[in-house]
Structure formats: structure tokens, C-alpha cells
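For reference, the chains in residue letters:
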Amino acid sequence: MTNFELLKQRDDEYIIHSYGRFPIAIDKGKNATCYDLDGKKYIDFTSGIGVNSLGFCDDGWVSAVCSQLNKLQHISNLYYTSPCVEVAELLVKMTGMKNVFFSNSGAESNEGAIKAARKYSFTKYGENRNRIITLKNSFHGRTVTTLAATGQDVFHNYFFPFTEGFVFAEANNIEDVKSKLDSSVCAVVVELIQGEGGVLPLDSAFVSELTELCSEKDVLLIADEVQTGVGRTGTLYAYQQFGITPDIVTSAKGLGGGLPFGCILFGEKTQDVFGPGDHATTFGGNPICSAGAKEVLSRLTPEFLGEVKEKGEYISEKLLKMPHVKGIAGMGLMLGIELSGIEAPEVVRAGLKHGVLLLTAKQKLRLLPPLTITYKEIDSGLKALEKTLSEF
Ligand SMILES: *Cc1c(COP(=O)(O)O)cnc(C)c1O
């Protein structure tokens, strides 16, 4: 048996079967290049689903994390620590939002945002203004509440009773939102580009109208930037390209550069919603994760973000010339490839043979490469992808 087969046998025995995994085990990597347990090389167009913003084992990131590891790994939010303050300060200065709550994941950030929206409304308007509009085809996480918030029926099975109070409106249909935005609604949650839903950017006109509508009615606009955030689309957060300022922004995935770290950013209206005891989490603002996040954020200079956009355009241009590629959607290094005459999961599986790691999103092939991917790595990954597509 190969090293992989031996590992798979033990995984099957000891880990529950809640993940459909591809038949390889990744062992080590550098930037956007990695190797499996049997030594085969791959170009990574996934970054661990938008997590490894600086690629595998970036020198600056490793050194930031390791030096913090030698100093203090955790103490709890009963005490002040500096790494999380530095991250919060960077986030506030880079976004214009007002303050930050630290969490450990995307779902947890969204849970906190939902709580904040309900408390904001409860305090100001009383009990019956607690419903939240989310968009059809959205994805907001896997907890009981964030599943309920997710606008896809397939996620609303088995785990009843779900949290009440979510209403689904059609993306890019302002009339549908208006018809649902009655006096029982306290917030609207959007992904500016629906990620899991198929890399579908919202229209900027829809986003502007929605923002205006929310502001008129004092309904909070929450941007779920768990996938679109942290430089992924070519700005720190995608909302910055839509010319709006949400009342709450949720972030996670790429924030820690590979460590479990998330945050909720609060704006002018929402900055004082949570007081002592209203919300907490044991690991929130953990020093190690904060050290990783600080390194990630400090690398996202305007030049770096400009390159993210350029790399995205370069990739799109090349992709459009490949067989079976019908269209590209997305921004920066968040790309969805519409295919014709071929199923995306087949391409992902065949891509492994040719040494490239790919993702799907609904019917599309999805690319979320590390933001630091080099042009050499891009060319090598695209060559493997072209070979893969030509096979069909
Ligand atoms: C991945 C994702 C989540 C959930 O994040 P977890 O860290 O897996 O809990 C929530 N919202 C969006 C938009 C996501 O892409």
C-alpha cells in the first residue's frame, strides 16, 4: 500500500465520514506549491478554501507566528494582550469601521453579527423587530442559526428546530427585497460575491439601492465577507469596491493566514451594541492567531492588492482560451469558471492527476489561489488545468 492508502484506511476508521475527500493527502508546501505524502507535486488554486492568504509556510508569517508562540500562546479575555489590539487597530484603520470583536470562524462571526443586529433593534425598537433578510443561494455557515440564515433549502434538513426569523429574498432583485422588508425586519445580510453559491457577484446598482433602503429604515446592512475578505477580491474587503459602508462586516477564512481566526467589524451605528457579558468566546483574539493575522494584514499594501487584481485578470484571460470554458465570474483572485459539456467535479478529480488543486462552487469550477501565488506558479497551474480540460 502507498503512504496515502495507509493513511486513508486509518482516517476511514477513526474519523467520522462527514467530509467527501479527494483521494490525496497533502504533506507539505511552500507558497502555492505543495506535495502529497507520496511526493507528487501540485499547484494550489484553493488556498485551503480561501484561507492560506500568503500561501503555504510564508517566511514572514511563520516567523511572526513562531515568535509569538515562544512568548505567550493564550491567557483569556480576562486580561489585556497586545497582538489582538494590533490586529484590531490595523483593521479599523484599513476599513473605516469603528471596532472589532474576534471570533474563531466564519459561522461564529455570523452568529455574533446576528446577535448584534437583534440587540441593536431590541434596544431601540422593542421586541417584535427581529427578522433578518438573507439572499437566496447564500451561504452563511453550519451552526443551527447560520444554517437557518443560509438561503438554500438543501441546508434546511434534519436539524429541526432551526432558529426562527430568517426571510429569503432574491439576489439582485430590489423589488423582492422591498416586498419583504417590513417593520419586523432588523437586518439584511449579503455576500457581495456569493461564494459557495457559485461565485456570483451582486450588481453594484442593487447593492447601492439596498444600502440606501436599509439606511432609510434603520435596518442594519451586514456584509458576510468571510470568503470575499482579506484581499481576496483586490481590496481588503469587497464592499470597498461597491462604494458602501456596511453597518457590520463579518470576516474569517483568510484573516489568520491558515490559523482559525475571524472577526466582526462594527460601524458607526453598531459599535456600542455589545456591552460586558453580551458576547464572548474563549479563544477570541488568541495571541498566536492574532500574530498570523497581523502579518497577513500588514502585507496587504495597495501595491499587493493591485497585483491581486492583475493576477486575476491574467488568469481569466488565459482561461477564456481553454476548451470547455464558457465564461468567468468573480473579482481579483476569487474566480468562478462556467463550463460547457463537462462537470466541474470531474475536472477537479482529473486535475489531481495533472498536478493542480481546484475547487467547485455549484456547477462552476472555482479558483481561490493564495494571494501571493507567483506568475510562474500561475502558468504552471494553468498548464495543468488546460491539459486536464483538453482530456474531455
Ligand atoms: C466559509 C463561509 C462561511 C463559514 O465559515 P466557517 O469558518 O466554515 O464557519 C460563512 N460565510 C461565507 C460567505 C463563507 O464562504
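Note that this is a predicted model, so its numbers are computed, not measured.

Asks: Even after reading the chapter, I still don't get the site of the ligand, so can you show me in this structure?
Replies: Around the ligand sit Ser105, Gly106, Ala107, Asn110, Phe139, His140, Gly141, Glu191, Asp224, Val226, Gln227 and Lys253, and those are all the residues in its vicinity. Contact distances for the ligand include 2.8 Å between an oxygen atom and a backbone N or O atom of Gly106. Between an oxygen atom of the ligand and a side-chain N or O atom of Gln227, the distance comes to 2.8 Å. For the ligand, the accessible surface in isolation is 380 Å², of which the surrounding protein chains cover 81%. Per element, the largest residue contribution to the shell around the ligand is three residues, and it comes from helix α5 (residues 106-125). Residue composition of the shell around the ligand, by class: three nonpolar, six polar and three charged.

Asks: Would you take a moment to explain the pattern of salt bridges for this structure?
Replies: Note on pairing: side chains with opposite charge can pair once their charged atoms come close. Summed over the entire model, instances satisfying the criterion amount to 18 salt bridges. Among the ionic pairs, Asp58 bridges to Arg299, the shortest N-O distance being 2.8 Å. Of this pair, Asp58 sits in the loop between α2 (47-50) and α3 (59-69) while Arg299 sits in helix α9 (residues 287-299), placing them 241 residues apart in sequence. Relative accessible area serves as the criterion here: at 25%, Arg299 is assigned to the partly exposed category. Between Glu295 and Arg299 there is a salt bridge; the shortest N-O distance is 2.9 Å. With Glu295 and Arg299 both in helix α9 and four residues apart, the pair spans about one turn of that helix. Linked by salt bridges that have partners in common, Asp58, Glu295 and Arg299 make up one network.

Criteria and thresholds
- Residues numbered from 1 in each chain as written.
- Predicted model: local features only at pLDDT ≥ 70, side-chain atom pairs only at ≥ 80, totals over all residues.
- Heavy atoms only, no water.
- Near = heavy atom within 4 Å.
- Polar contact = N/O pair within 3.5 Å; in protein donor to acceptor, adjacent residues only side chain to side chain.
- Areas by Shrake-Rupley, 256 points an atom, 1.4 Å probe, with all protein chains shown as cover.
- Helix = DSSP H or I, 4+ residues; strand = E, 2+ residues; numbered from the N terminus.
- Nonpolar A, V, L, I, M, F, W, Y, C, P; charged D, E, K, R; others polar.
- Salt bridge = Lys/Arg side-chain N within 4 Å of Asp/Glu carboxyl O.
- Buried < 20%, exposed > 50% of the residue type's maximum accessible area, 1.4 Å probe, protein only.

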